[in-house]
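# Geometric and topological summary
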Amino acid sequence: MSRRFNCTIRVAGACLAFAITALSSLALAEDEEHKHEHKHKNDMRSVPILPLYQQECGACHIAYPPQMLPAGSWHRIVNNMKQHYGTDASLDAATVKELEQWIMPQTNHARPLPEPPEDRITRSEWFTRAHHEVAAAVWSRPEVKSAANCTTCHVTAEQGNYSEHYVRIPGGGT
Amino acid sequence: MSIFPSPSVTRLLQVLALALVAAAPCVHAETSEQILDQYRTQAGTAPDPSRGQQFFTSKHDHEWSCSSCHGDKPVQTGKHVVTGKSIGPLAPAFNQERFTNTAKVEKWFRRNCNDVVGRECTPAEKADVISWLLTLK
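Residues numbered from 1 in each chain as written. Chains lettered and ligands numbered in written order. Predicted model: local features only at pLDDT ≥ 70, side-chain atom pairs only at ≥ 80, totals over all residues. Heavy atoms only, no water.

## Section: the side chain of A:Ser90
Structurally, A:Ser90 can be placed in the loop between helix 3 (71-78) and helix 4 (93-103). In this view, A:Ser90 contacts A:Met81, A:Lys82, B:Lys107, B:Arg110 and B:Arg111; residues no more than four positions away in its chain are not counted. (Helix = DSSP H or I, 4+ residues; strand = E, 2+ residues; numbered from the N terminus. Contact = heavy atoms within 4.5 Å.)

Given below as structure tokens:
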């Protein structure tokens, strides 16, 4: 009887120890993940930028982070570069393929983004929400020029950092 | 302390040397004069810098001219007329990267001529523009 009792105690103890270890490592992992998430919350450069993407998509405008649009929008954009928002930005098929291979895996969000009108980043719901504090008059300032001109206010956008800590609005205000 | 680099540094140097050798044939060492010559040959006529300047600054019955983004005299940084993104000088004397790669030159002529003129440019028009850009010192 006492031997069985001892055994039960030992098994329970082992189970408890295992559970504590498992829980604490889970908590640690979550903590790490949280830290990681926090660090990358506004850092869109989780994947190093493809030099071809910087070269081809960063010549006329900032090389927008792929995470900003859903896969369907990107697919339409890269496969219709001849009519690219009013300009001919045509690319050869091999370049399009290579760009798409780099872009697409980055569009896998836990909650997929809805496809914005005209596949425009600036008409995305998240974009409107994130900029709701910006007064209409600010957008029309000549230095801002266009909502697509991220770097005017997001001074670290070229490095993939869109954190509000690095927002400097020309002419001041919000 | 050894005067020789550590094995990892040696390995890195070996890899870098190999990469340099492998990359050498890929480098496009063309000059703007060579690229102008290609268009001159295709056109079969002599390029005219003043015609090139006029072509560059005209709107060709469309919305933009080349100078809308590159500036009337592209010896300084230009600005994309829609996005505001800065564009490096186009005149080779002010930007040594310009007109050094035929494929890149062809890509931009194709796109920008479609936007500005509404069609692709002829070899004579390309030669005129480059010959004018080469006069800017």
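## Section: the state of the cysteines
Scanning the model with the defined rule gives one disulfide over all chains in all. Across the disulfide from B:Cys113 sits B:Cys121; the S-S distance is 2.0 Å. Measuring handedness by torsion sign, the sulfur bridge of B:Cys113 and B:Cys121 sits at about -100° and is left-handed. According to the relative accessible area criterion, B:Cys121 is buried, its value standing at 8%. The thiol sulfur of A:Cys60 is not disulfide-bonded, and the nearest other cysteine sulfur, from B:Cys69, lies at 7.7 Å. Residue classification places B:Cys69 among the buried positions, given a relative accessible area of 16%. (Disulfide = S-S within 2.5 Å. Buried < 20%, exposed > 50% of the residue type's maximum accessible area, 1.4 Å probe, protein only.)

## Some remarks on helix 4 of chain A
Residues and elements named next belong to chain A. Three or more residues of helix 4 are buried, namely Thr 95, Val 96, Leu 99, Glu 100, Trp 102 and Ile 103. Each buried residue of helix 4 sits inside an arc of 165° when the element is viewed along its axis, so together they form one side. In helix 4, the exposed residues that point more than 90 degrees away from the buried face are Ala 93, Ala 94, Lys 97 and Gln 101. Buried residues along helix 4 sit against helix 2 (51-57) and helix 3. (Arc of directions from axis to C-beta.)

## With respect to the nonpolar core
Side chains that are nonpolar tend, in soluble globular proteins, to be buried together. Formed by 25 residues in total, the largest nonpolar core has its most connected members in A:Tyr53, A:Trp74, A:Leu99, A:Ile103 and A:Tyr162. Looking at this core, the elements with two or more residues in it are helix 2, helix 3 and helix 4 of chain A. Ignoring anything within four residues of it in the chain, the contact list for A:Leu99 reads A:Leu50, A:Leu52, A:Tyr53, A:Glu56, A:Cys57 and A:Leu91. In this structure, B:Phe55, B:Cys66, B:Val116 and B:Leu134 belong to the second largest nonpolar core, which totals 23 residues. (Core = buried A, V, L, I, M, F, W, Y, C linked by side-chain atoms within 4.5 Å.)

## Digging into the environment of A:Glu115
Residues and elements named next belong to chain A. Relative to the assigned elements, Glu 115 resides in the loop between helix 4 and helix 5 (125-130). Separated by ten residues in the primary sequence, Glu 115 and Glu 125 have C-alpha atoms spaced 9.2 Å apart. Excluding residues within four positions of it along the chain, Glu 115 makes contact with Pro 70, Gly 72, Ser 73 and Arg 76. A distance of 2.7 Å separates a polar atom in the side chain of Glu 115 from a polar atom in the side chain of Arg 76. (Polar contact = N/O pair within 3.5 Å; in protein donor to acceptor, adjacent residues only side chain to side chain.)

## Quick look at the packing of aromatic side chains
Under the criterion given, the structure shown has six aromatic pairs over all chains. Each ring, one from A:Tyr53 and one from A:Trp102, has its centre 4.8 Å from the other, and the planes form 45°; the classification is tilted. With A:Tyr53 in helix 2 and A:Trp102 in helix 4, this residue pair connects regions lying 49 residues apart in the sequence. Its relative accessible area of 2% is what places A:Tyr53 among the buried residues. Take A:Trp102: its relative accessible area is 13%, and that puts it in the buried class. Here B:Phe56 and B:Trp132 contribute two aromatic rings whose centre-to-centre distance is 5.2 Å and whose plane-to-plane angle is 55°, an arrangement assigned as tilted. Here the residue B:Phe56 occupies a position in helix 3 (residues 49-57), and B:Trp132 occupies one in helix 6 (residues 123-133), the gap between them amounting to 76 residues. In this pair, the class of B:Phe56 matches that of B:Trp132, namely buried. Each member of the aromatic cluster is reached from another via a ring pair, and the members are A:Tyr53, A:Trp74 and A:Trp102. The aromatic ring of B:Trp108 is capped on one face by B:Arg111, whose charged end is 4.5 Å from the ring centroid. (Phe/Tyr/Trp six-rings, centres within 6.5 Å; stacked < 30°, edge-to-face > 60°. Lys NZ or Arg CZ within 6 Å of the ring centre and 35° of its normal.)

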